[in-house]
Amino acid sequence: MRTETPVAVQLKDYQAPDYFIERTLLDFDLYDDHSTVRAELTIARNTDKGSDLPPLRLDGQQLELVSITLDGQALAADAYQLTDSHLILQPLSANFVVHTEVRIHPENNTALEGLYRSGKMFCTQCEAEGFRKITYYLDRPDVMSAFTTTVRADKQRFPVLLSNGNPLAQGEEGTRHWATWEDPFKKPAYLFALVAGDLWCVEDSFTTMSGRDVALRIYVEPENLGKVQHAMDSLKKSMRWDEEVYGREYDLDIFMIVAVSDFNMGAMENKGLNIFNSSCVLASPDTATDAAHQRVEAVVAHEYFHNWSGNRVTCRDWFQLSLKEGFTVFRDAEFSADMNSRTVKRIEDVAFLRTNQFAEDAGPMAHPIRPDAYIEISNFYTLTVYEKGAEVVRMLRTLLGEANFRKGSDLYFARHDGQAVTCDDFVQAMQDASGTDLGQFKRWYSQAGTPRLTVSSYFDKAAGEYTLTFQQSCPATPGQSDKLPFVIPVELALLAADGSHLPLQLKEEDNAQGCERVLAVTEAEQQFTFVGIANEPLPSLLRSFSAPVKLRYDYSREQLLALMRYDSDGFNRWEAGQQLQLEILNQLIADVQAGRELRGDVQLAEVFAGLLADTSLDAAMLAEMLTLPSEALLAELADVADVHAIHQAREFLRQSLAQALHQPMWQRYQALRAVHSEQAYAASAEQIAGRSLQGKLLAYLMLSEHGDVRSACVAQFEQANNMTERLQALACLVNSPFVAEKQQALASFAAAYADDALVMDQWFSVQAGSSCPGTLAQVQALMQHPAFSLKNPNKVRALVGVFCAQNAVQFHAEDGAGYRFLADQVITLNALNPQIASRLLTPLTRWRKYAPDRQAQMRNELERIVASGELSADVYEVVSKSLAS
Ligand code: B3K
Ligand code: ZN
């Protein structure tokens, strides 16, 4: 907790460490009412910084120092200094050994950072700065050390004792036992991990490309053993993919994953011992949806890929976080694209980015993917660092081409293996391997905000020339008023009237270079002229969303329809549909606001009818095409977000489509349902596609008054042999006016899954997301449910998080009750778990998006949080930045 105003850490103040820790020996004695940590640190002066001996400042928080020696000599109390956050002592030589013993209290650790209890087990979370809550240390990523760790605990209650690396030795001491692990790879403290518990494991093995056998183990509590196979399959696929696509081989003899129930985020890539939120590792057909299965596959891959992009090559300091996160998200996205449908994966990622990261870029916490300053680093594990960071890596690949990108990544890993490096080092490797100057490209690392790219076209029929003019600009963000032009890769094609894609030859070129290509827009305004064009073409711009920008080109409806039909880029076919729907929705929103009568769109209904009749269209793609832009995206795009008008307009359009297309939707739904009720569940791309379409259709159908649809929905709920279909039906009932069916379904669901925490989270979420009136009261009542706990982050996210961040129409209720509710939860959680409190706050930080009366209510709540007492650095930073300027 904060005792004085926290100060920001600045990138420009970075200094290499004065000392390195070459070896780290740790010895943990775990008990119920305290734990003891003994550390032996072999330390050396960083001779690059000189031969003098500045004081050694070890980080340490909430530690009770029991003893300390320097080179074996006990230090008297006046020979060192203890503060809230440091232990400072004066070394006597350039090489020395410090021993400490500290007492800590994992049993009281509700922040879930450092060593803590989750249920009956002990586990750790050290990234970014949790290790300093375990022992005194140089807790910074550029201090890399070889760790040997011994864990001691009660034999019966904690039969499994794990840490990083390979197992070295084990033994027993009466009722207790111990195990020693050795990690031969030097690593920063943030990658340290320890687990002790009564865990069972599923075991498998993997033979690496050089023929080494690696043992794979996934540890879970015994009742979850049946939910591990999907994660194990995903792990083996990830290991093979990283060998094939990046040439990266696993390096230890064993790779372990442990599932824990209380975890602040998704998972953590600790060397050789990944610790996972159980929600990102456990999956079975009966308990996890398709989306959950895909998330498990993606997160297992993400954490595994970190073994190279993050662990073997790590970050010099936390400003470089995107070095490992942006790159690893890009890697996991490509893996998922290869395992599933590439186009659908891209659509999902772009929709998420545009809705959420663009909003972050436009809000008070906007920052470049490499921030310049932070108060609390935990606040910078953001969509910008992760998702926009991944887009920046994707742009590098688009600009350099696949072969050069791979050469660059090989060079990066070879050059920096075992080092803690910077984003500049990554770009330099890409530049050196490709011979492309990336100087201007690096602005993506230092400038925040979402660039706008406005495109206009001019056709000169007589000359056969078609000119595209690009104008880029970037809005001001906190601390950055003027931006320099970015390098924006624009993938494009030109379509003829018959849908064919024209050969592309720029005026200054001798011949055409294919029918799709990448233009690098580097100036504030820039023109490209294509020659040999007989008739005015239709431009397909920013294909596959080749840059994270807001594109504007004034397409007519007919042009959008042509793109939907002919564009060879699946993403842009979808995008054209979205643009058409946005145009219609924005008109409807204006109509709602002006009190005009709302009318359905006949043309859109015809387009949807055509899509539904097109049996050649992939089901997953069809499901995406039938999904209207979300309310959240509409809010993000509006200057002033009128959530109620947005909701009304969108619901009206859904309703009108449901009415117009009842017959084809109903037929398609029944056909799909018949197939699904016969088949055994598999999380295969094909089956997922079918279920996804079925869910979209059911949601439309339930908007109609037809009694047979209602019975079909209830039947799907009752008879489904998998969670995906069951939850689709439950969500439809919960959002419907059919009170009896809704209550019956919720009760039977809760009775069936009362003992399954992850399924109960879905039960909480589906209710928190209901747009029906009375949802806030229901959420408040559910907070008293025995399955709910404010101490468990998954529960908080499932209930409070979903209500506040994903149920705009209820959260923004006119009386401000939603805002008050969120502020109350933040105030309580600030003391329990600052990271979760700060995350939860996000919807309130966006107050500038709303009308003045809402703004005032939201600001009031932020001010109430400030006045509530001592704030954690996490909450303080977000609240104060939100209220500033
Ligand atoms: N590296 C971790 C995130 C740690 C967050 C600490 N507040 C998970 C990941 O990105 O893989
Ligand atoms: Zn990561």
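Rules of the game
- Residues numbered from 1 in each chain as written.
- Chains lettered and ligands numbered in written order.
- Predicted model: local features only at pLDDT ≥ 70, side-chain atom pairs only at ≥ 80, totals over all residues.
- Heavy atoms only, no water.
- Axes fitted to C-alpha atoms, helices over the stretch in contact; angles between N-to-C directions.
- Helix = DSSP H or I, 4+ residues; strand = E, 2+ residues; numbered from the N terminus.
- Parallel < 35°, antiparallel > 145°, perpendicular 65-115°, else oblique.
- Left-handed = near helix turned anticlockwise from the far one by under 90°.
- Contact = heavy atoms within 4.5 Å.
- Nonpolar A, V, L, I, M, F, W, Y, C, P; charged D, E, K, R; others polar.
- Pairing = 2+ DSSP bridges.
- Near = heavy atom within 4 Å.
- Polar contact = N/O pair within 3.5 Å; in protein donor to acceptor, adjacent residues only side chain to side chain.
- Areas by Shrake-Rupley, 256 points an atom, 1.4 Å probe, with all protein chains shown as cover.
- Buried < 20%, exposed > 50% of the residue type's maximum accessible area, 1.4 Å probe, protein only.
- 1 Å grid on protein atoms, 1.4 Å probe; cavity = no way out; pocket = protein on both sides within 12 Å on 5 of 7 lines; lining within 4 Å.
- Points joined across faces, edges and corners; volume = space filled by probe spheres on them.
- Expected span 1.5 Å × (residues − 1).
- Donors = N, O, S within 2.8 Å, 3.2 Å for Na, K, Ca; no water.

(A) Region of interest: the packing of helix α11 (residues 602-613) against helix α14 (residues 643-660). α14 packs onto α11 with a crossing angle of 55 degrees between their chain directions and a minimal axis gap of 10 Å. By the angle class used here, α11 and α14 are oblique. For α11 against α14, the interelement crossing comes out right-handed. For the pair α11 and α14, the contacting residues are Leu604, Ala605 and Phe608 in the first and Leu653, Leu657 and Ala660 in the second. Across the contact of α11 with α14, the residue classes break down as six nonpolar, no polar and no charged.

(B) Seen up close, the sheet that holds strand β7 (residues 80-82). The three strands lie next to each other as β4-β8-β7, forming an open sheet whose pairing is antiparallel. Looking along the sheet, the strands with just one partner apiece sit at the ends: β4 (56-59) and β7. Adjacent strand axes in the sheet meet at a mean angle of 15 degrees when their direction is disregarded.

(C) A look at the site of ligand 1. Taken together, the neighbourhood of ligand 1 is formed by 14 residues, with Glu127, Ala267, Glu269, Glu303 and Tyr386 sitting nearest. Take histidine 306: an N or O atom from its side chain is 3.2 Å from an oxygen atom of ligand 1. With the chains in place, 95% of the 330 Å² that ligand 1 exposes on its own is no longer accessible. Contributing elements (two or more residues each) for the shell around ligand 1: β20 (267-268), α2 (290-305) and α3 (321-339). Looking at the shell around ligand 1 residue by residue, the classes come out as six nonpolar, three polar and five charged.

(D) Examining the pairing of strand β5 (residues 64-70) more closely. Here six bridges tie β5 to strand β9 (residues 95-104), and the two strands are oriented antiparallel to one another. Within β9, the residue paired with glutamate 64 across the bridge is arginine 103. Bridging between β5 and strand β6 (residues 73-74) involves two bridges; their strand directions are antiparallel. Each residue of the ladder has a partner; that of threonine 69, found in β6, is alanine 74. Turn length for the β5-β6 hairpin, with the two strands adjacent in sequence and antiparallel, is two residues, and the turn residue aspartate 71 shows positive phi of about 50 degrees.

(E) Broad picture of unusual backbone geometry. Residue alanine 128 is bonded to the preceding glutamate 127 through a cis peptide linkage, with omega at 0 degrees. With a phi close to 55 degrees, glutamine 62 is a non-glycine residue in the positive phi region. According to the relative accessible area criterion, glutamine 62 is exposed, its value standing at 61%. Of note, aspartate 71 is a non-glycine position whose phi angle comes to about 50 degrees, a positive value. Locating aspartate 71 in the fold gives a position in the loop between β5 and β6.

(F) Representation of empty space enclosed by the protein. Under the counting rule described, the total for this entry stands at one cavity of 30 Å³ or more. One number sums up the size of the largest cavity: a volume of about 40 Å³. Lining the largest cavity are Ser322, Leu323, Phe327, Ile369, Gly389, Val393, Phe426 and Tyr445. Secondary structure elements with two or more residues in the lining of the largest cavity: α3 and α5 (383-400). Here the lining of the largest cavity takes three residues from α3, the largest share from any one element. Its residues placed into classes, the lining of the largest cavity shows six nonpolar, two polar and no charged.

(G) Structural view of helix α1 (residues 229-246). In this model α1 runs 25 Å from its N-terminal to its C-terminal C-alpha over 18 residues, within 8% of the 26 Å that 1.5 Å per residue would give. Taken together, the buried positions of α1 are His230, Ala231, Met232, Ser234, Leu235, Ser238, Met239, Trp241, Asp242, Glu243 and Tyr246.

(H) Layout of the coordination of the zinc ion (ligand 2). Coordination of the zinc ion (ligand 2) by the protein is provided by His302 (NE2), His306 (NE2) and Glu325 (OE), with metal-donor distances spanning 1.9 to 2.1 Å. Every donor residue of the zinc ion (ligand 2) comes from the same chain, spaced as H-x3-H-x18-E. Here histidine 302, found in helix α2, pairs with glutamate 325, found in helix α3; they are 23 residues apart in sequence, far enough to count as distant. Residues histidine 302 and glutamate 325 agree in their burial class; the two are buried.

(I) Structural view of the sheet that holds strand β13 (residues 160-163). The antiparallel open sheet is built from four strands, whose spatial order is β10-β11-β16-β13. On the outer flanks of this sheet lie β10 (114-118) and β13, each paired with one strand and no other. Going from strand to strand, the sheet's axes swing by 20 degrees on average, the running direction of each strand aside. Bridging between β10 and strand β11 (residues 121-125) involves five bridges; their strand directions are antiparallel. If you follow leucine 115 over to β11, its bridge partner there is threonine 124.

(J) Representation of the packing of α1 against helix α6 (residues 402-416). Packing of α1 against α6 brings their axes to within 10 Å, and their N-to-C directions diverge by 110 degrees. Here α1 lies roughly perpendicular to α6, going by the angle between them. The residues of α6 that touch α1, namely those facing Glu244, Val245 and Tyr246, are Phe405, Arg406, Ser409 and Asp410. By residue class, the composition of the contact of α1 with α6 is three nonpolar, one polar and three charged.

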